[in-house]
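Residue-level structure breakdown
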Amino acid sequence: MDYLTAFLTGGAICALAQIIYDNTKLTPAHILVSFTAAGAVLGGLGVYQRFAEFAGAGAIIPVSGFGNSIVMGMLSELERLGWEGLFTGAFEITGLGVTTAIVFGSLMAVLFRPKG
Amino acid sequence: MDKAQKDQHTRYQQMVKEATPQPNRWKNAAMAFITGGLICTIGQLLYNLFEIIEPSRLETTAVTQAAMIALGAVATGLGFYDWLAERGGMGAAVPVTGFSNTITAAAMEFKREGYILGMGAKMFVIAGPVLVYGILSGFVISLLRAVLSGSLF
Amino acid sequence: MTSKRLGLQTVVFQEAPRIIGCSTIAGPKEGDGNLGPYIDTLVDDPLMGQPTPEKAERMLLYQACQDALAKAALKEDDMQFFIGGDLLNQIISSSYCARDLGIPFLGIYGACSSIVEGLGLGALIVDGGYADSVLAATSSHYQTSERQFRYPIELNVQHKKSNQWTVTGAAAAVLSRTGAGPRITMATFGRVLDYGIKSPNDMGAAMAPAAADTLCRHFADTGTSPGDYDLILTGDLAAVGQKLFVQLVKEADYTLGSKHMDVGAVIYKPEQRSGAGGSGCVCSAIGILGYVVKEMHNGRFDRVLALATGALFSPVSNQQGDSIAGIAHAVVIEGGNL
């Protein structure tokens, strides 16, 4: 069951992005940035977490879930450290992903060439 | 620019609009839905696996996102992601695998200009803005929450 | 002086220089396309075994120059000028090729109109008596253009239907006062027109007004009409641009009908996933130095008006919100007594 909800909710977020892409002059970069920022804001309002409880990976895997992870890190660090948490929290959860991206990205660049 | 010129431009832009083929909106949205949905289903599978070994939900989330990012990087290196995106559109771009693709694709492309000023400097050419605005908007909303709840100090 | 000019923008060559040798070279995708049979040399590997596509592009250009010289049975030393242009920053493909050729070099930038600008300028020099033989060449490469004008190759971008695919290859022609081959009898150099198109996804639309302007100017200057030509060729307007071009020309009361062919619109087959069609300097060059010249030798065409269009912008100007200007140059090529 959770696979189906992940498929449907994740697919819906991507379809929404596609509709925006096909009907506006926005580039994919603009859309990725907007979705991440939207995920962060909705996370800060507590909305995204409730959505994620229902949608599972359908909420976590889109970049909006990445934006939400940024805020979740900030809020949990805020609780632990006070105001310093606002500055240390961004990579509390996402740091794992960002470092993975750098390590694997570099590895791939060393191993492969663009095929075109 | 005088008025006649402006009118000419407006008129021409109308002509261009009419001549430009419309994207196949239904098909594109359906493909994005299926592609994005499948990627999230793989994510759910990993999430369920990591849930067994990770102590908290935040950590399971972090590890799942990182694992998908690793998958995205490998798919990009093998030249598969470009193919997927041409068909799946935003269904391939919006998941974190797509975020990972922007980093790997830039790293592969700019490696030719050297590891420091090429790959190192330009790796985040597209992912950079995502991080910058994700963090800025996250910072603002978290700050507001902290101020309103009085938990800042 | 006056007899060498017609109207406002057209020049007439009294001793029409001849294309005594020309050559085109391109990659596998172009080979599989509709104009594949007209390309002299096809390479399997678009990277030519080189570590970077920039080096590969320059190698393609050098190869095309050597092939054109061989066909004209001439050597580098026989050339008094090398006129070259390409799409890369500071036209490095042409410059490095010129370094290897050792011929006095005039670098030009007309974006995808470079080959016609080169042929026109070369004809001016030869007809003016400043040279016996001139080499004109151009190159473009899908991978070098994508990374300079758009995105990294492996990036997850879905191309829009109006996007064009940059042709990978090179083309070169030897123009000479003596010898046998098609003659360049007239040239119409175009003005830069800007109708406020901003999206780099709409390059054909950005160039169509310039193409229509140069064509109508040519007809007005020379008193000719579409009926005087066997073929009116445009370079790389592609599906969207050519539709607009035909519309604009019609508004000026010229009907092109089946006389018109756009190389960008026909170079690839529909199943090759190339959006609206081909673009790049070599797109028009394959049309002119491949298709037109070969069909002239076959006796199918005798008088062809060849236009090539260029989109004048840079990634910086585009990101700063400037619109994309267009330019178009035209030459008249006649078979006569080949």
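Conventions used here
- Residues numbered from 1 in each chain as written.
- Chains lettered and ligands numbered in written order.
- Predicted model: local features only at pLDDT ≥ 70, side-chain atom pairs only at ≥ 80, totals over all residues.
- Heavy atoms only, no water.
- Helix = DSSP H or I, 4+ residues; strand = E, 2+ residues; numbered from the N terminus.
- Rg over C-alpha atoms; globule rule 2.2 N^0.38 Å.
- Buried < 20%, exposed > 50% of the residue type's maximum accessible area, 1.4 Å probe, protein only.
- Contact = heavy atoms within 4.5 Å.
- Areas by Shrake-Rupley, 256 points an atom, 1.4 Å probe, with all protein chains shown as cover.
- Lys, Arg positive; Asp, Glu negative; His and termini not counted.
- Charge placed at Lys NZ, Arg CZ, Asp CG, Glu CD.
- Domains from an automatic or database assignment.
- Buried area = accessible area lost by both parts, 1.4 Å probe.
- Salt bridge = Lys/Arg side-chain N within 4 Å of Asp/Glu carboxyl O.
- Polar contact = N/O pair within 3.5 Å; in protein donor to acceptor, adjacent residues only side chain to side chain.
- Core = buried A, V, L, I, M, F, W, Y, C linked by side-chain atoms within 4.5 Å.
- Expected span 1.5 Å × (residues − 1).
- Phe/Tyr/Trp six-rings, centres within 6.5 Å; stacked < 30°, edge-to-face > 60°.
- Lys NZ or Arg CZ within 6 Å of the ring centre and 35° of its normal.

Okay, the overall build of chain C next. Counting its regular elements, chain C contains ten helices and 15 strands. Taking 20 Å as the expected radius of gyration for a compact globule of 338 residues, we find that chain C reaches 18 Å, a close match to that expectation. Summarising its shape, the C-alpha atoms of chain C cover approximately 55 × 45 × 35 Å along the three principal directions. Every one of the 338 residues in chain C was classed for burial, and the buried ones make up 64%. Counting only contacts in chain C whose residues sit at least 6 apart along the sequence, the fraction spanning at least 24 positions is 77%. For chain C, the accessible surface area stands at approximately 11,600 Å², while carbon and sulfur atoms represent 50% of it. Side-chain charges of chain C comprise 26 positive and 34 negative groups, with the mean position of each set lying 3 Å from the other.

The next thing to look at is the domain arrangement of chain C. How large an interface is tends to be reported as the accessible area lost when its parts come together. Residue and element names in this part refer to chain C. Each assigned domain of chain C is listed with its residue range as follows: domain 1 (2-176) and domain 2 (183-334). Each of domain 1 and domain 2 has a C-alpha centre, and these two points are 16 Å apart. At the interface, 60 residues of domain 1 touch 62 residues of domain 2. Across the domain 1 to domain 2 interface the summed buried area is about 5,000 Å²; carbon plus sulfur atoms make up 64%. Here domain 1 and domain 2 share one salt bridge between them. A salt bridge links Lys-294 to Asp-40, with the shortest nitrogen-to-oxygen separation between them at 2.6 Å. Summed over the shared surface of domain 1 and domain 2, the number is 31 residue pairs in polar contact (both at pLDDT 80 or more).

A few words now on the interface of chain C and chain B. Of the residues lining the interface, 30 residues belong to chain C; the matching set on chain B comes to 35 residues. At the boundary of chain C with chain B, total buried surface from both sides reaches about 2,900 Å², with 53% on carbon and sulfur atoms. Taken together, chain C and chain B are joined by three salt bridges. With a shortest N-O distance of 3.4 Å, C:Arg147 and B:Glu113 are connected by a salt bridge.

Let us look at the environment of C:Ile115. Residue and element names in this part refer to chain C. Mapped onto the fold, Ile-115 is located in helix H4 (residues 114-127). The class of Ile-115 is buried, set by a relative accessible area of 1%. Apart from the residues lying within four places of it in its own chain, the contact partners of Ile-115 are Ala-136, Ala-137, Thr-138, Cys-281, Ser-284, Ala-285, Ile-288 and Leu-289.

Below, the discussion takes up the environment of C:Tyr291. Residues and elements named next belong to chain C. With respect to the helices, strands and loops of the structure, Tyr-291 is situated in helix H9 (residues 281-297). For Tyr-291, a relative accessible area of 7% gives the class buried. When the C-alpha positions of Tyr-291 and Ile-324 are compared, they lie 29 Å apart, and in sequence the two are 33 residues distant. Ignoring sequence-local partners within four residues, the contact set of Tyr-291 consists of Leu-35, Tyr-38, Leu-231, Met-261, Ile-286, Arg-300 and Phe-301.

With that settled, the discussion passes to the pattern of salt bridges. Side-chain pairs of opposite charge can arise where the charged atoms are in close proximity. Applying the stated criterion across every chain, the model contains 19 salt bridges over all chains. Across the salt bridge formed by B:Asp7 and B:Lys3, the nearest N and O atoms sit 2.9 Å from each other. Taken together, the residues B:Asp7 and B:Lys3, both in helix H1 (residues 3-19) and four residues apart, mark about one turn of the helix. For B:Asp7, a relative accessible area of 40% gives the class partly exposed. In this structure, the salt-bridge partner of C:Glu334 is C:Arg183, at a minimum N-O distance of 3.7 Å.

What follows is about the nonpolar core. Grouped together as the largest cluster of nonpolar side chains are 51 residues, with contacts concentrated most on A:Phe35, A:Ile61, A:Phe66, B:Met90, B:Val94 and B:Phe99. Sorting elements by how many residues they give to this core places helix H6 (residues 96-110) of chain B first, with six residues.

What follows covers helix H5 (residues 63-81) of chain A. Residues and elements named next belong to chain A. Taking 1.5 Å as the rise per residue, H5 with 19 residues should run 27 Å; its terminal C-alpha atoms sit 27 Å apart, in good agreement. Of all 19 residues that make up H5, 15 are buried, and the element is covered over most of its length. Remark: Gly-82 follows H5 within two positions and exhibits a positive phi of approximately 85°.

All right, on to the packing of aromatic side chains then. Taken as a whole and judged by the stated rule, the model has 14 aromatic pairs over all chains. The structure contains a cluster of three or more aromatic residues connected by ring pairs, namely A:Trp83, A:Phe87 and B:Phe139. Cation over ring: C:Lys29 sits above C:Trp165, and NZ or CZ is 3.5 Å from the ring centre. It is C:Lys160 that lies over the ring of A:Tyr21; its NZ or CZ is 4.2 Å from the centre.

This part is about the interface of chain A and chain B. Chain A puts 73 residues into the contact, and the matching count from chain B is 73 residues. Both faces considered, chain A and chain B share a buried interface measuring about 6,000 Å² in area, 77% of it formed by carbon and sulfur atoms. It is A:Tyr3, A:Phe7 and A:Ile61 that lose the most area in chain A upon contact with chain B, and together they represent 11% of the buried surface on that side. Taken together, chain A and chain B are joined by zero salt bridges. Between the two partners, chain A and chain B, sit 13 residue pairs in polar contact (both at pLDDT 80 or more). Going through the elements one at a time, helix H1 (2-23), helix H2 (28-44), helix H3 (47-55), helix H4 (57-60), H5, helix H6 (85-88) and helix H7 (90-111) of chain A are the ones with two or more residues in the side of chain A that touches chain B. With 17 residues, the top contributor of residues to the side of chain A that touches chain B is H1(A).

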